[in-house]
Amino acid sequence: EQWIGFYKKGSGRPSITWQRRMRPAGLEAFARRVGARSGIYAYEQRGNHTFTPEFEKLFRAHEQSWGFFQGQPASDKKTAMWWVMSAKKEPTRRRRLTHLIEDAAAGRRIREPRRESKS
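Residues numbered from 1 in each chain as written. Predicted model: local features only at pLDDT ≥ 70, side-chain atom pairs only at ≥ 80, totals over all residues. Heavy atoms only, no water.

(A) Structural view of the overall build of the protein chain. Secondary structure assignment for the protein chain yields five helices and zero strands. Per-residue burial for the protein chain yields a buried fraction of 25% across its 119 residues. The contacts of the protein chain with a sequence gap of at least 6 include a subset with a gap of at least 24, amounting to 55%. (Helix = DSSP H or I, 4+ residues; strand = E, 2+ residues; numbered from the N terminus. Buried < 20%, exposed > 50% of the residue type's maximum accessible area, 1.4 Å probe, protein only. Contact = heavy atoms within 4.5 Å.)

Spelled out as structure tokens, the structure:
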């Protein structure tokens, strides 16, 4: 029931640092953490997890793929949409959408986001 640095919110317990359970080395490591590298994974994102209207239109144009995608669990759809839309460059977002459409057309469940080969 313990997370790094804090108990779960619902537990009602104070931070473990307040209970003096962390050792100096742990406190130092916790203080050195970089905020920009925290909360970077899809399941940690609390923002909007939707396609832009343009991307949704492109996806809906492939009826079989869109139907399969809509039949997936919400967590899979959230992860896939985040994977596509989190790319920094437009060509990468389009390439990822193409991968997603191809996977859905083949009836493949949404795979873990994968590195794209540079070939």
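(B) Structural detail: the packing of helix α4 (residues 74-85) against helix α5 (residues 90-105). At a minimum axis separation of 8 Å, α4 and α5 run at an interaxial angle of 150 degrees. Accordingly, the angle class assigned to the pair α4 and α5 is roughly antiparallel. Residues Ala80, Trp83, Val84 and Met85 of α4 pack against Arg93, Arg96, Leu97, His99 and Leu100 of α5. (Axes fitted to C-alpha atoms, helices over the stretch in contact; angles between N-to-C directions. Parallel < 35°, antiparallel > 145°, perpendicular 65-115°, else oblique.)

(C) Here's a closer look at the packing of aromatic side chains. What the rule picks out here adds up to five aromatic pairs. Here the aromatic rings of Phe51 and Phe59 are separated by 5.8 Å at their centres, their planes lie at 65 degrees, and the arrangement is edge-to-face. In terms of burial, Phe51 and Phe59 fall into one category: buried. For the ring pair Phe51 and Phe69, a centre distance of 6.0 Å and an interplane angle of 40 degrees mean the geometry is tilted. Remark: Phe69 occurs in helix α3 (residues 63-70) and Phe51 occurs in the loop between α1 (24-32) and α2 (53-60); sequence separation between them is 18 residues. Exposure remark for Phe51: the relative accessible area of 6% places this residue in the buried category. According to the relative accessible area criterion, Phe69 is buried, its value standing at 2%. These aromatic residues form a ring-pair network of at least three members: Phe51, Phe59, Trp66 and Phe69. (Phe/Tyr/Trp six-rings, centres within 6.5 Å; stacked < 30°, edge-to-face > 60°.)

(D) Main features of the packing of α2 against α5. Packing of α2 against α5 leaves a shortest axis separation of 11 Å and a crossing angle of 30 degrees. In this view, α2 runs roughly parallel relative to α5, as classed from their interaxial angle. For the crossing formed where α2 meets α5, the hand is right-handed. Each of Glu54, Phe55, Leu58 and Phe59 in α2 lies in contact with α5, whose residues at this interface are Glu90, Arg93, Arg94, Leu97, Leu100 and Ile101. Here the contact of α2 with α5 is built from residues that sort into six nonpolar, no polar and four charged. (Left-handed = near helix turned anticlockwise from the far one by under 90°. Nonpolar A, V, L, I, M, F, W, Y, C, P; charged D, E, K, R; others polar.)

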